[in-house]
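One-letter residues, chain by chain:
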Amino acid sequence: ERLQRYHPEEECGRDEEFFLACNLMNSFSIAFDRLGLFSRAMETVRRGLDLNDAFTPFHLTMAKLYRDERDLDRALVHMNRAIELNPARGFAHEQRGRLLFGLRQYEDAGAAFEDALQFEPGKRTTLFYLGLVEVQLKNWPEAVAHFERLVRVSPDFALGHVFLAQSLAEVGRLDEARKAKRDAADYGATREDLRLTEIRLRELETKL
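Participant: Help me out: how do you make sense of the overall build of the chain in this one?
Facilitator: Helices and strands together make up the secondary structure of the chain, namely twelve helices and zero strands. Written out in order from the N terminus, the α and β elements of the chain read α-α-α-α-α-α-α-α-α-α-α-α. Taken against the 2.2 N^0.38 rule, which gives 17 Å for 208 residues, the C-alpha radius of gyration of the chain at 21 Å runs more than 25% over that of a compact globule. Counting all 208 residues of the chain, 44% fall into the buried class. Within the chain, residue pairs in contact and separated by at least 24 positions form 47% of the contacts whose partners lie at least 6 positions apart. Total accessible area computed for the chain in this model is approximately 11700 Å², and 48% of it derives from carbon and sulfur atoms. Side chains of the chain carry 31 positive and 36 negative charges; the gap between the two charge centres is 5 Å.

Participant: Teacher, can you tell me more about helix α11 (residues 174-186) here?
Facilitator: Each α-helix turn comprises 3.6 residues. Residues three or four places apart therefore point the same way. A rise of 1.5 Å per residue sets the reference length of α11, with its 13 residues, at 18 Å; its end C-alpha atoms lie 18 Å apart and thus fit the reference within 8%. Residues of α11 that are buried: Leu174, Ala177, Ala180, Lys181, Asp183 and Ala184. Down the axis of α11, the buried side of the element spans an arc of 165°, and every buried residue falls inside it. Residues Asp175, Arg182 and Asp186 are exposed on α11 and point more than 90 degrees away from its buried face. If you follow the buried residues of α11, they end up packed against α10 (158-170) and α12 (191-206).

Participant: Please explain the pattern of salt bridges as it appears in this structure.
Facilitator: Two side chains that carry opposite charge are able to pair once their charged atoms sit near each other. On inspection of all chains with the given rule, the structure shows 21 salt bridges. We note a salt bridge from Asp68 to Arg67, for which the minimum N-O separation is 4.0 Å. Arg67 sits in the partly exposed class, given a relative accessible area of 28%. For Lys123, the salt bridge is made with Glu120, and the minimal N-O distance between the two is 3.6 Å.

Participant: Looking at this model, I keep getting lost on the nonpolar core. Mind explaining?
Facilitator: Here is a general trend for soluble globular proteins: nonpolar side chains tend to be buried in one another's company. In terms of nonpolar packing, the biggest core is built from 56 residues, with Phe58, Phe128, Phe147 and Leu164 touching the most fellow members. Discounting chain neighbours no more than four positions away, the residues touching Phe147 are Phe128, Gly131, Leu132, Val135, Gly160, Phe163, Leu164 and Ser167. Counting five residues, the second-largest nonpolar core is a separate cluster that includes Val162, Ala184, Ala189 and Leu194.

Participant: Is there a simple way to think about the packing of aromatic side chains in this case?
Facilitator: The description of two aromatic rings rests on the distance between their centres and on the angle between their planes. Tallied over the full model, the rule gives twelve aromatic pairs. Just above the ring of Phe157 sits the side chain of Arg124; from NZ or CZ to the centre is 4.2 Å.

Participant: Would you mind going over the state of the cysteines with me for this structure?
Facilitator: Where two cysteines share a covalent bond between their sulfur atoms, that bond is called a disulfide. As enumerated under the stated definition, the model contains one disulfide in all. The disulfide bridge from Cys12 ends at Cys22, spanning 2.0 Å between sulfur atoms. Between Cys12 and Cys22, the S-S torsion sits near 105°, and that sign places the bridge as right-handed. Here Cys12 is found in the loop between α1 (2-6) and α2 (19-34), whereas its partner Cys22 is found in helix α2, with ten residues between them in sequence. Comparing Cys12 with Cys22, the two get one shared label, buried.

Here is what the cut-offs are and how they apply
Residues numbered from 1 in each chain as written. Predicted model: local features only at pLDDT ≥ 70, side-chain atom pairs only at ≥ 80, totals over all residues. Heavy atoms only, no water. Helix = DSSP H or I, 4+ residues; strand = E, 2+ residues; numbered from the N terminus. Rg over C-alpha atoms; globule rule 2.2 N^0.38 Å. Buried < 20%, exposed > 50% of the residue type's maximum accessible area, 1.4 Å probe, protein only. Contact = heavy atoms within 4.5 Å. Areas by Shrake-Rupley, 256 points an atom, 1.4 Å probe, with all protein chains shown as cover. Lys, Arg positive; Asp, Glu negative; His and termini not counted. Charge placed at Lys NZ, Arg CZ, Asp CG, Glu CD. Expected span 1.5 Å × (residues − 1). Arc of directions from axis to C-beta. Salt bridge = Lys/Arg side-chain N within 4 Å of Asp/Glu carboxyl O. Core = buried A, V, L, I, M, F, W, Y, C linked by side-chain atoms within 4.5 Å. Phe/Tyr/Trp six-rings, centres within 6.5 Å; stacked < 30°, edge-to-face > 60°. Lys NZ or Arg CZ within 6 Å of the ring centre and 35° of its normal. Disulfide = S-S within 2.5 Å.

Structure representation (structure tokens):
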């Protein structure tokens, strides 16, 4: 609030020297959201967009607010606008992929995650979601490839080993699946994840 005396909201609508005022408004919105004041957060970022629709962080924040409300379609509109304004940001492409995943548009989600990797190669969460896309599409060889890459990049990621084990099992590579399950256990996978993986392994073994 003290800063805003020097950078009032109306400065966000200027053609020049708008950044500090716009960024301050966006920071207010984030702070309100973290305090649980959703309506104030939304009101603030909406005022910001009215002043400067081309300020990318406003759209990222609005997308987050709508996502938290499970309004994924509206969130996607703002994420698309953020990418239009700044297409070279891997974070926005990954978030777009997550929204599309939540909307069950799996092929489009996969394309968005691939775009994200162009700007942030080897990012763990992006690789994980790419694997999940292939799981949803039941493209098991592709899922194996993504999860293998994931555990090479992040070998201590237990859930990556869980999904690698499950995907390997689906393509009949059961010995490798059991090794991946042991790795998952070593890195702290939950008992429930291990139990469900073991059930599926046994189901597939009986079919051989």
